[in-house]
Amino acid sequence: MGVTVSEALQFGGLASCKVVAGESGLVRTIESITVMEVPDVIQWLNGKVLLLTSLYSIKDDEEAIRMLVPQLAAAGSTALAIKTQTYMSEIPLTIIEAGNRLGFPIIEIPSETAYLDIMTPLMTLILKRSDTGSEQLEAFFQWIKELALGGKGIAALIEAVEQMTGNLITVGSEISAFEWFKGMSVTPLSRVQHNELKVAKRPIRMMRMLNDTWTPCIISPLLLNDELWGDVTCWQTSREFREQDFQVMDRTMMLIAMEFLKEKTKLDLEQTYKNHFLTELLLSKRLDLSEVLEKGKMFGWDFSKSYQVVCFHIPTEEGASERKGRLLLKLNSLFCFDTSDAIVTYVKELVVVLLPRTDVNNFEFPYATDPDKEAIRNKMDKIRHELSKEVDDDLIQVGIGRFYKGLEGIHKGYSEAVKALKLGTPWTNLSSVHFEDLGVYRVLNSVQDQAELAAFHSETIGKLKTYDTVHEAELLTTLKHFFENDASTTDTAKNLFVHINTIKYRLNKIEQVTGYSVHNAEQRLLLHLGLKIHFMLEAERQ
């Protein structure tokens, strides 16, 4: 059972509309509502439909305008509601004449009345009047299809589902802009629930915490490319679930996933621009402050502030853009929880985070001893732990640059963070390495004459590298482990799974190739220094 046109004119947005033709047809019944903004929609109409339109798709086609009402009447439609002042100042006379001739109601919609103001209250009434569950479902499915095709957005879809189920709906997502909690406190999905939902690929019943209370719910997965990006949850807050609620959630999750995809596509495009801009900022030494400030404003970034730079290396499969996108969103949410002014983006293979800091007056830059060094390192370790839900945290490495003032300081901090990441983690037991932890690398990094460093490397370790390339002798690897094990031949042999005599042989060969002996303190120092220069130059090349 539907609603007569006369009754419909008493509800919602239709109450502000007026009938301009076809008054004799006000007893006709409305069972669904459709929006027409494309010319061929009429061929798809089925049943007693109220058609909403601005006539945009046929405004320049006199024949289509003349035939509109006769075609609607022949298709069994109920009435036509036209929004004026948008594309047409008034309803065409041929439409009014046809409405009066055929007893087909023609309704004028004021420009300030939105389609949604008409659709939501009227569909709610139609659903209540439906005689059977199947009638309700058909009317509902037609309604949400029109909402989705009409670009009404997630809010309209959620409101429609709430009307149909009689319960609260929330949306959880890794994209914060897409979350929809209505001020409710919703506990995130546990890892077990996350995996169960991903495997099910359909709505399932669970118990979750809503406002600190265990509450029955139906959860639908938001899936894109077989990856779970969020959930649509119907909470049993007003009445017990019915079997048809699962059908409602199942049909709706696809439409909400479409809305999610649109939002994600926009964010991905914006992120690409952000990545390009920050890459240019960090890698270019020609910095125009006014240009950077202006471009930064486009993304809501304030480069008049000072930032400390942190770099994350998070291993992902080659070409796994979806995976990288998820990790970036996760990092954004983690840092926004701590400080909403943090900047998080990809630069080459690294995730770069700019943490806003207030410099202390009368301090020289960089700080001789940063008072926040350990606090920042601890914060990064907590971030690594949170990321372990996505990637094994043992594989996540962090480099932290020293804090400098201003825009030039960002460039310096980035360079140091990269060096801390690439040089520090192989030589320390720390997964979060501050540039100040690098020891002699800090000294080598300050050497301006790179040619002198390269020459020193060539005289020492460069010879080993050449020898290894020709003879596959692993002398360089042996020397590295020898120094890591405090010059213990026994421990070096254990680490390399070879006999101690093999290590002794290789050490003698190192002396023959380089002319430096590991048994002489001064010469051993030169080899050790050459090895560190080797790793620094390798990091620069990468």
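Residue positions are given per chain, counted from 1 along the sequence in the order it is written. Local features are withheld for residues below a pLDDT of 70 in this predicted model, meaning they are given only at 70 or higher, and side-chain atom pairs are given and counted only at 80 or more; totals for whole chains, interfaces and linings count all residues. Only hydrogens and water are set aside; all other atoms, that is, all heavy atoms of the structure, feed into the side-chain values.

J.: So what about the sheet that holds strand β15 (residues 397–400)? Which residues, and what values?
T.: The five strands lie next to each other as β13-β14-β12-β15-β16, forming an open sheet whose pairing is mixed. Edge strands, defined here as strands with exactly one partner in the open sheet, are β13 (343–347) and β16 (432–434). Strand-to-strand twist across the sheet, computed as the mean angle between neighbouring axes with direction ignored, equals 25 degrees. Note: two strands are recorded as paired if DSSP finds a minimum of 2 bridges between them. Every helix listed is a DSSP run of H or I at least four residues long, and every strand listed is a run of E at least two residues long, numbered separately from the N terminus. Looking at chain direction, β13 and strand β14 (residues 350–357) are connected through five bridges and run antiparallel. For T345, the partnering residue across the bridge sits in β14 and is V352. Contact definition: two residues touch when any of their heavy atoms are within 4.5 Å. Every angle, taken between N-to-C directions, lies between 0 and 180 degrees, and every axis is a line fitted to C-alpha atoms, over only the stretch in contact when it is a helix. Strand contacts of helix α8 (residues 243–283): β13 and β14, with the helix running at about 80 degrees to β13, the strand carrying the most contacts. On top of the sheet, helix α12 (residues 406–424) reaches β12 (306–313), β13, β14, β15 and β16; it is set at about 25 degrees to β12, its chief contact.

J.: An account of the side chain of S220 is needed here, citing residue identities and associated values.
T.: For S220, the position within the fold is in strand β10 (residues 213–224). Look past the residues within four positions of S220 in its chain and what remains in contact with it is L197, P203, G230, D231, V232, M249 and M253.

J.: Please provide a residue-by-residue account of the nonpolar core, values included.
T.: With 55 residues, the main nonpolar core has L14, L52, L122 and F140 as its most contacted residues. Every residue in contact with F140, bar those within four places of it in the chain, is listed here: L127, A160, V161, M164, V248 and T252. By convention a nonpolar core is built from buried Ala, Val, Leu, Ile, Met, Phe, Trp, Tyr and Cys residues, the set being connected through side-chain atoms within 4.5 Å. With a 1.4 Å probe rolled over the protein chains alone, any residue whose accessible area is under 20% of its type maximum counts as buried; one over 50% counts as exposed, and the rest are partly exposed.

J.: So, the pattern of salt bridges: which residues are in play, and what are the values?
T.: Throughout this description, the term salt bridge denotes a Lys or Arg side-chain nitrogen within 4 Å of a carboxyl oxygen of Asp or Glu. Tallying each qualifying case throughout the model produces 25 salt bridges. Where K182 meets E162, a salt bridge forms, and the shortest distance between an N and an O atom there is 2.6 Å. Highlighted residues: K182 in the loop between β8 (168–173) and α7 (191–200) and E162 in helix α6 (residues 153–165), separated in sequence by 20 residues. Of the residues examined, E162 reaches a relative accessible area of 17% and is grouped as buried. Among the salt bridges present, the one from R208 reaches D231, with a minimum N-O distance of 3.2 Å. Placement of R208 in strand β9 (residues 204–210) and of D231 in strand β11 (residues 227–235) is noted, with a sequence separation of 23 residues between them. Residue D231 is classed as buried on the basis of its relative accessible area of 7%. Connected via shared salt-bridge partners are K373, E374, R377, E436 and D437.

J.: Give me the lowdown on helix α15 (residues 461–471), citing residues and values where you can.
T.: Every buried residue of α15 is listed here: I461, G462, L464 and D468. Looking straight down α15, one finds its buried side chains confined to an arc of 160 degrees; they lie on one side. Along α15, exposed side chains directed more than 90 degrees from the buried face belong to T466 and V470. Just past α15, the residue E472 takes up positive phi, approximately 50 degrees. This arc is taken over the directions from the axis of the helix to the C-beta atoms.

J.: For the packing of aromatic side chains, give the residues involved together with the corresponding values.
T.: Only Phe, Tyr and Trp rings are paired, with Trp represented by its six-membered ring, and only when their centres lie within 6.5 Å; those with planes under 30 degrees apart are stacked, over 60 edge-to-face, the remainder tilted. This model, assessed by the stated rule, comprises nine aromatic pairs. Seen in terms of ring centroids, F482 and F483 are 5.8 Å apart; in terms of plane orientation they differ by 55 degrees. Their pairing is tilted. Judged by its relative accessible area of 9%, F483 is buried. Site record: aromatic cluster; members linked through ring pairs are F277, F299, W301, F303 and Y307. Only lysine NZ and arginine CZ atoms are considered, and such an atom sits over a ring when it is within 6 Å of the ring centre and within 35 degrees of the ring normal. Directly above the aromatic system of Y115 lies the positively charged group of K83, at a separation of 5.1 Å from the ring centroid. Across the ring face of F141, the terminal group of R251 is positioned such that the distance to the ring centre comes to 3.7 Å.

J.: Tell me about helix α2 (residues 62–74), residues and numbers included.
T.: Take the number of residues in a helix, subtract one, and multiply by 1.5 Å to get its expected span. With 13 residues, α2 extends 19 Å from end C-alpha to end C-alpha; this agrees with the ideal 18 Å at 1.5 Å per step. Maximum bend of α2: about 40 degrees, positioned at L68, with proline P70 one to four residues after it. Residues of α2 that are buried: I65, L68, V69 and L72. Buried residues belonging to α2 abut β4 (32–36), β5 (49–53), β6 (79–83), α3 (93–102) and β7 (106–109). Phi for G76, located one or two positions after α2, is positive at around 85 degrees. Fitting one axis to the seven residues ending at a residue and another to the seven starting there, the bend at that residue is the angle between the two axes.

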